[in-house]
Amino acid sequence: MLIRFHSCNLRFYSALSVSKICNMNTNKCYLRYVQDDERVDITFLLKIKDSIRQFNLSRSPSEDIASLTTRIESNVQKVINKNNRKKLVSDNKVTIKICTKTGLFPEKYTCKDLFEFRQPLMMKINDENYEIVFNEPWITSIGISQSILAGFPVYPENLKMLFSDIKKCQFKWYRGKAVNEKGKTMSDENIQWEFICENFSYIPTLNDIGMKLKVQCIPGNEVTSGPAVDAISKGVVEAGPGKCPFETRHMFTTSVLKGKSFRCVSYNILADLYCDSEFTRTVLHPYCPPYALNIDYRKQLLMKELLGYNADIICLQEVDRKIFQHWLSPFLDNAGFKGQFYRKGKEVAEGLACFYRSLRFRFLGEEQIILSEAIKTYPCLQNIWNIIKTNGPLVERLLDRSTVASVTLLESVENSDELLLVGNTHLYFHPDADHIRLIQGGIFIYWINDVRKKIMEKFPDKKISLILCGDYNSVPTCGIYQLYTTGIAPSTLPDWKSNETESVQGLNLEQDILLASACGTPTYTNFTAEFADCLDYIFYDTSSLEVEQASQVH
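An unreviewed UniProt entry lists the chain under the name 2',5'-phosphodiesterase 12, with Bombyx mori as the source organism. According to UniProt, the comment filed for the chain under the heading Cofactor (unreviewed entry) is "Mg(2+)". Its UniProt record gives the chain a comment under Subcellular location (unreviewed entry), which states: "Mitochondrion matrix".

Here it is in structure tokens:
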């Protein structure tokens, strides 16, 4: 669901292989002091007969140089012995020395001392010299999606770096035939790679179908560049699914807005942890082939869809934490967005995300609550808690929920007198839980109103607007929609008795923010074989915002 608004006056360590075809990597020994883990990582390339071997070591900062060089000698000697398949004679014994311009570096010093030495250092492997470089930009993890579709963006995944600034990194894309002229699969080393483009992401074309892709990253920072690292796709580019429904909606969002208008998207992207189950495959989505439920496939469609809306604010629900860190954040950051993640309670590894276009909005602050925890302690929620706290079955079920709510405070870059509060949540789903959802909806709006009042006190001269995004799991005839759009959910609503054992007595919910649903009540925002109806909304403050354009899912 998306909407266009118009403002109005009312540690992970991986010994990746550095590129062996890039000249910048040869005759260098890279040392990295990883202070968080208190270790020194060492990497260098060595030619042994007709091949180039990469060596990786991880040592303690307190280890002395004598022990370090002995360990490197041992590792190199083992590889040479194995390569020769016989015991070496003494003339071929490997010796390792750390040298300054004038002589040997003192062996009693430690690995950490190397980083504090102010003069150039060399590592000598027999008669071959290696320049020692310290804390250069470094890639510790990089990959490419297993599923690659023509017409859909692909980018470096699981990208992790040390001493690097992603804005200073170079990304080069290549393609190559995965089979030879006889139809036999070739190893990656034998593929003839053809340069395509230099960009963070790449959209494969029909000409790429059947080919493998390679991305080469040269990490950088403000001062220097590090060694290039290659990531090669495991599979080949495949044909896409054809025209997607969202491409029709993209016809109405062809450009980024400016001035007082902004565009907001709300989307439940279906957490991967809920897709990988027999229940999902056989009950919820039996019509969906397994490959289409796989996150590697789905995320490509989602990336293309989200970018095509040219939104300024993107609120997401059911966001896996790893998907946020390794997919959404780097991809959307490259598109000009910054994002915040809000994890659910308990041990649930999914939650909410709020992204904003940094050229249009400036981040000022954020808050989040776990609804089941906040209701017992937040003063603004005590009226609700005091009425329900003696209802044992109700309280037990309500407090067992992991539901999270977030609010992100943004300032307009173009007009610093305009502030925007962006709320986001995903309420509990169960057929007999209308009463639980209505209480949660009450908690959300009461809390948001309390935050809003505090912001107004803090910024008395600012204009403060409000939008509330989310998957409310509530159809328009239920109490949440009534509470938000009319300001009251009386105790006589049938929602309160959706479960007789937990029925709520004597609770009237009221709120004084003038809200409306930006997209009205679409026929559906959720569509499965068993259920289709409107569950998702973008509510907005009608006293300060008005809708210019709305695009719905159907």
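Asker: Talk me through the environment of Lys93; I want residue IDs and the actual numbers.
Answerer: Locating Lys93 in the fold gives a position in the loop between helix H1 (65–84) and strand E5 (96–99). The exposure class of Lys93 is exposed, given its relative accessible area of 56%. Considering only alpha carbons, one finds Lys93 and Glu73, 20 residues apart in sequence, at a separation of 8.9 Å. Excluding anything up to four places from it in sequence, Lys93 contacts Gln77 and Asn126.

Asker: For the sheet that holds strand E6 (residues 122–125), give the residues involved together with the corresponding values.
Answerer: One open sheet holds the six strands; their spatial order is E4-E3-E2-E7-E6-E5, and the pairing between them is mixed. Both outer strands of the open sheet, strand E4 (51–59) and E5, are each paired with one neighbouring strand and no more. Within the sheet, the average angular offset between the axes of one strand and its neighbour, ignoring direction, is 25°. Inspection of the sheet shows E6 paired to strand E7 (residues 128–134) by four bridges, in the antiparallel sense. Counted as the bridge partner of Ile125 is Glu128 from E7. Strands in contact with H1 are strand E3 (39–48), E4, E5 and E6; relative to E4, the strand with the most contacts, it is inclined by about 145°.

Asker: An account of the packing of helix H7 (residues 295–308) against helix H8 (residues 321–334) is needed here, citing residue identities and associated values.
Answerer: For the pair H7 and H8, the least separation of the axes is 11 Å and the interaxial angle reads 30°. In terms of orientation, H7 and H8 fall into the roughly parallel class. Judged by the sense of rotation from one axis to the other, the crossing of H7 with H8 is right-handed. Touching Ile295, Lys299, Leu302, Met303, Leu306 and Leu307 of H7 are Ile323, Trp327, Leu328, Phe331 and Leu332, all from H8. When grouped by side-chain class, the residues that make up the contact of H7 with H8 number 10 nonpolar, no polar and one charged.

Calculation notes
- Residues numbered from 1 in each chain as written.
- Predicted model: local features only at pLDDT ≥ 70, side-chain atom pairs only at ≥ 80, totals over all residues.
- Heavy atoms only, no water.
- UniProt positions renumbered as here; feature names shortened; annotations may be inferred.
- Helix = DSSP H or I, 4+ residues; strand = E, 2+ residues; numbered from the N terminus.
- Buried < 20%, exposed > 50% of the residue type's maximum accessible area, 1.4 Å probe, protein only.
- Contact = heavy atoms within 4.5 Å.
- Pairing = 2+ DSSP bridges.
- Axes fitted to C-alpha atoms, helices over the stretch in contact; angles between N-to-C directions.
- Parallel < 35°, antiparallel > 145°, perpendicular 65-115°, else oblique.
- Left-handed = near helix turned anticlockwise from the far one by under 90°.
- Nonpolar A, V, L, I, M, F, W, Y, C, P; charged D, E, K, R; others polar.

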